[in-house]
Amino acid sequence: MSEANRKALLEVDGLRTYFRSEGEIARAVDGVSYTILEGETLGVVGESGCGKSVTSLSIMRLIPDPPGWIEAGEIRFRGRNLVACSEQEMRQIRGNEIAMIFQEPMTALNPVFTVGSQIIEAVREHQGLDPDAARARAIEMLELVGIPIPEARVDEYPHQLSGGMRQRVMIAMAMSCDPDLLIADEPTTALDVTVQAQILDLIAELQERTGMSVLLITHDLAVVAENAHHVAVMYAGKVVEYAPVEELFARPRHPYTIGLFRSLPDLAKPGERLATIPGIVPSAFAFPSGCRYRTRCPIARDECAAAEPPLAALDQDGVHTVACHLLEEAAKL
Amino acid sequence: MSATTSTAEEPLIRLTGLKKYFPVEKGVFRRHVGDVKAVDDVSFQVGRQETLSLVGESGCGKTTAGRSLLRLIEPTAGEALYCAEPGAAPIDLFELSTKDMRRRRRDLQIIFQDPFASLNPRMSVSHIVGEALRVHGIARGDELDGRVADLLQRVGLRAEARNRFPHEFSGGQRQRIGIARALALGPKFIVCDEAVSALDVSIQAQIINLLKDLQEEYHLSYLFIAHDLSVVKYLSDRIAVMYLGRIVESGTTHDIFERASHPYTRALLSSVPRPEPGRKRDRIVLQGDVPSPISPPSGCHFRTRCPVAEERCSEVYPTHVRLSATHSAACHLIESETTQA
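Reading the values: rules and limits
Residues numbered from 1 in each chain as written. Chains lettered and ligands numbered in written order. Predicted model: local features only at pLDDT ≥ 70, side-chain atom pairs only at ≥ 80, totals over all residues. Helix = DSSP H or I, 4+ residues; strand = E, 2+ residues; numbered from the N terminus. Buried ≥ 20, exposed ≤ 12 C-beta atoms within 10 Å, placed from the backbone. Rg over C-alpha atoms; globule rule 2.2 N^0.38 Å. Contact = placed C-beta atoms within 7 Å. Expected span 1.5 Å × (residues − 1). Pairing = 2+ DSSP bridges. Axes fitted to C-alpha atoms, helices over the stretch in contact; angles between N-to-C directions. Parallel < 35°, antiparallel > 145°, perpendicular 65-115°, else oblique. Left-handed = near helix turned anticlockwise from the far one by under 90°. Nonpolar A, V, L, I, M, F, W, Y, C, P; charged D, E, K, R; others polar. pLDDT = per-residue confidence, 0-100. Core = buried A, V, L, I, M, F, W, Y, C linked by C-beta atoms within 7 Å.

### Things to note about the overall build of chain B
Regarding its fold elements, chain B presents ten helices and twelve strands. Along the longest, intermediate and shortest principal axes, the C-alpha atoms of chain B span 70 × 55 × 50 Å. Within the span of chain B, comprising 341 residues, buried residues form 46% of the whole.

Okay, here's the thing in structure tokens:
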């Protein structure tokens, strides 16, 4: 990475996370590598089942075992390999150093406790605050995320809040221990567009203020365009392209990325047909041999079935990497 | 296609003053204590082979409006004139008996959002797609089989799919089955209720293209209910923007996207992220959430979140101001704004 002065906070390196189901193995994440720089947002995009969420759960070591396990690879957080950490050590890292927010805030919040008590629990556990200080911290956090009248809201239950407010509470909980990395897994997918704008602005503002890094997982390319610094495009358990956001949108090089952009109604002219990617995403139980995109790729050739293309740098400084055998043909797409 | 603007021809659907109230009851005697005014005085027209989109955030009443129009839920008040052929006498769908309405549903169909919940998992695809043909006594036996096979092929599935069950298909394929079902009776009008919202972007594009092709081929009219404005912009001829049960602005797609007048429409459009990194955003961030439809704010329902609200906005609900032959908006401040400009 030639990014001036920015150091890597998290490096996912050759990660493989598998699940066993009825005797068969699903290779949900199958050789994923990406880097998140300090103070930056990495957007991970891909369609359902591409493994983007399983990667983030692997970082948190929250893969249910059984049926799942980390088969291979390293996840280095400030150089420390999380895959080798004990459960005890992970508990110290979760919340304190890496925090996570989810798509559906109603299922992530406990309905029988007040929102305040859920934040208080986190800060007492992780930061050892006494009850009064923890409550004050909870109110401060609710205020930080823009919840009106936080001293009253702190005693309310999740069902008393709207969807946008619940997501704010989730963010308050995640931020309460001042993490270095916030993993946001489809944080606005369940929200209306005006509320989505509020939440994404809030995350950007908090990042500005604290200097944390954000891993933003989404299926929405427009959300990535406006919020990420780097982007990793995932397909069938692998990263197929990785680049700074402007570079990716200006010069997408993988046929899959190009196909995704072409199918966006935003970029089509009215009356013009949308380009489509034929077929459907292959099952994680039976990925095609060689390049996994070849079954849907408009330029695939025999050689694509023979070997898996590695994620290789397009240029010397290695800011833009693509996994495709046919880069020259793809450039003409 | 803005055939509806000419006065000569009666549109396919002319909905006037639709209201749907859900009573709020309390206590053991189920005392009536108020109403959720899910849809409150909504009027629109849908022309032949035209796509009208209803847009707005969750709870704005767009789905209730679409379902009330088809009488999948009974409307509280209003008139829905349906004119099957140009020149034919319009009939009021809301006045039809249940039996007549059932017969009329041959012309009026719906596609749902969730392709997982809207197909009966115990029924084979041929049963799902062919059911309406059987119920309406249109086809049976081999003819029915043939029709189902044709329909499946028309929506891009293999004819063999008819012997399989919904769980064997992906989300996009299931949505195709739902579309085949809606097409079975040769409808003139289809309500697409968030029909592409649950799909991945590459699959969404396939379904959008299919809906467009079918519109051309069968001269269909769509009422497209959606919250994704980029899809709406691409598909619609005209757009009506709803907020808390009412239409706040309506116009052609161009009117709405290029000349939005209502402060809510502007805020909504400005909140939509665009796939253009580094674009300068002049976003109007709305404060707070949509108020409860049980007790909407007095006067203009939007005034509590409106960046330009004045005192008079809390007094009366604004009437629609006509901005052009195709474009209108309900806001007290619009006239003054246009004179300024």
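### Focus: the overall build of chain A
Assigned secondary structure in chain A consists of 13 helices and twelve strands. Scaling as 2.2 N^0.38, a compact globule of 333 residues should have a C-alpha radius of gyration of about 20 Å, and chain A matches this with 21 Å. Expressed as lengths along the three principal axes of its C-alpha atoms, the size of chain A is roughly 65 × 50 × 45 Å. Burial analysis of chain A (333 residues in total) assigns 49% to the buried set. Contacts in chain A between residues far apart in sequence, at least 24 positions, make up 65% of those at least 6 positions apart.

### Section: helix α8 (residues 193-210) of chain A
The end-to-end C-alpha separation of α8(A) is 26 Å, in line with the 26 Å expected for 18 residues at 1.5 Å each. Among all positions in α8(A), only A:Thr194, A:Val195, A:Gln196, A:Ala197, A:Gln198, A:Ile199, A:Leu200 and A:Ile203 are buried. Packing partners of the buried residues in α8(A) comprise α7 (163-175), β7 (181-185), β8 (213-218) and α9 (221-227) of chain A together with α9 (263-271) of chain B. One or two residues past the end of α8(A) sits A:Gly211, with phi positive at roughly 75°.

### Some remarks on the environment of A:Ala284
Residue and element names in this part refer to chain A. Along the chain, Ala284 falls in the loop between α11 (255-262) and α12 (302-306). When the C-alpha atoms of Ala284 and Cys50 are compared, they prove to be 8.5 Å apart, with 234 residues separating the residues in sequence. Not counting the four nearest positions on each side in its chain, Ala284 is found in contact with Ala26, Arg27, Ala28, Gly49 and Gly237.

### Let's talk about the interface of chain A and chain B
Taken together, the contacts link 36 residues of chain A with 30 residues of chain B. Counting only elements with at least two residues in the side of chain A that touches chain B, the list comes to α8, α9, α10 (245-250) and α11 of chain A. Considering every element that reaches the side of chain A that touches chain B, the biggest residue donor is α8(A), with seven residues.

### Quick notes on the sheet that holds strand β11 (residues 312-313) of chain A
Strand order in the open sheet formed by eight strands is β6-β7-β8-β3-β9-β10-β12-β11 (chain A), and the pairing between neighbours is mixed. Whereas interior strands pair on both sides, the edge strands pair on one side only; in this sheet they are β6 (98-101) and β11 of chain A.

### Focus on the sheet that holds strand β5 (residues 91-92) of chain B
Residues and elements named next belong to chain B. Taken in spatial order, the four strands of this open sheet run β2-β1-β4-β5, and their pairing is antiparallel. With one partner strand each, in any of the chains shown, β2 (31-46) and β5 form the two edges of the open sheet. Pairing geometry for strand β1 (residues 13-26) and β2, over twelve bridges, is antiparallel. Bridge pairing links Pro23 to Asp35 in β2.

### Description of unusual backbone geometry
Residue and element names in this part refer to chain A. Cis rather than trans, the peptide bond between Asp65 and Pro66 has omega equal to -10°. Position of Pro66 among the secondary structure elements: in the loop between α1 (52-59) and β4 (68-77). Across the junction of Pro66 and Pro67, the peptide omega takes the value 10°, indicating a cis bond. Locating Pro67 in the fold gives a position in the loop between α1 and β4. You will see that Arg78, though not glycine, has its phi angle at about 50°, which is positive.

### Notes on the packing of α7(A) against α8(A)
Residues and elements named next belong to chain A. Relative orientation of the contacting elements α7 and α8 amounts to 15°, with a least axis distance of 10 Å. With respect to α8, the element α7 is oriented roughly parallel. The crossing of α7 and α8 is right-handed. Across the interface between the two elements, Gly163, Gly164, Gln167, Ile171 and Met175 from α7 touch Val195, Gln198, Ile199, Leu202, Ile203 and Leu206 from α8. Looking at the contact of α7 with α8 residue by residue, the class counts come to seven nonpolar, four polar and no charged.

### Some details on the confidence of the model for chain B
Predicted coordinates in areas of low pLDDT are best not read in detail. All names here are of chain B. Per-chain confidence: chain B averages 89 in pLDDT, with 96% of residues scoring 70 or above. Within chain B, helix α10 (residues 334-340) has the poorest average pLDDT of any element, 55, and strand β10 (residues 246-252) the best, 97. Contacts for the low-pLDDT stretch residues 1-7, under 50 throughout, to residues beyond four places or in other chains number 19 contacts. Both scores are given for the predicted complex: the pTM is 0.86, the ipTM 0.81.

### Notes on the pairing of strand β1 (residues 8-21) of chain A
Residues and elements named next belong to chain A. Relative to strand β2 (residues 24-37), β1 is paired through ten bridges, and the arrangement is antiparallel. Paired with Arg16 across the strands is Asp30, a residue of β2. Hairpin connection, β1 to β2: the antiparallel pair is bridged by two residues, and Glu22 has positive phi, about 50°. Bridge count between β1 and β4: eight bridges; the pairing is antiparallel. The residue bridging Leu10 from the neighbouring strand is Phe77, located in β4.

### Some details on the environment of B:Cys60
Residues and elements named next belong to chain B. Along the chain, Cys60 turns up in the loop between β3 (51-55) and α1 (62-69). When the C-alpha positions of Cys60 and Gln173 are compared, they lie 29 Å apart, and in sequence the two are 113 residues distant. Each residue touching Cys60, except ones within four places of it in the same chain, is listed here: Met242, Tyr243, Leu244 and Gly245.

### What to know about the pairing of strand β4 (residues 77-82) of chain B
Regular strands place side chains that alternate from one sheet face to the opposite one. Residues and elements named next belong to chain B. Residues of β4 alternate between two faces, with Gly78, Ala80 and Tyr82 buried on one and Ala77, Glu79 and Leu81 left unburied on the opposite face. As paired strands, β1 and β4 are joined by five bridges and run antiparallel to one another. The residue bridging Lys19 from the neighbouring strand is Ala77, located in β4.

### A look at the nonpolar core
Ranked by size, the top nonpolar core spans 188 residues in total, and within it A:Leu215 and B:Val241 carry the most contacts. No other element matches the eight residues that α7(A) contributes to this core. With sequence-adjacent residues up to four places away left out, B:Val241 is seen in contact with B:Val55, B:Gly56, B:Ile247, B:Val248, B:Glu249, B:Ser250, B:Ile256, B:His262, B:Tyr264, B:Thr265 and B:Leu268.

### Examining α1(A)
Residues and elements named next belong to chain A. For α1, the tally of buried residues reaches seven of eight residues, placing the bulk of the element in the interior. Those residues of α1 lying buried are Lys52, Ser53, Val54, Thr55, Ser56, Ser58 and Ile59. One or two residues past the end of α1 sits Arg61, with phi positive at roughly 55°.

### Section: the environment of A:Ala228
Residues and elements named next belong to chain A. Tracing the chain through its elements places Ala228 in the loop between α9 and β9 (230-235). Spatially, the C-alpha atom of Ala228 lies 20 Å from that of Asp13, the residues being 215 residues apart in sequence. Those residues within four positions of Ala228 in sequence are excluded, and the remaining contacts are Thr41, Leu42, Gly43, Leu216 and Val245.

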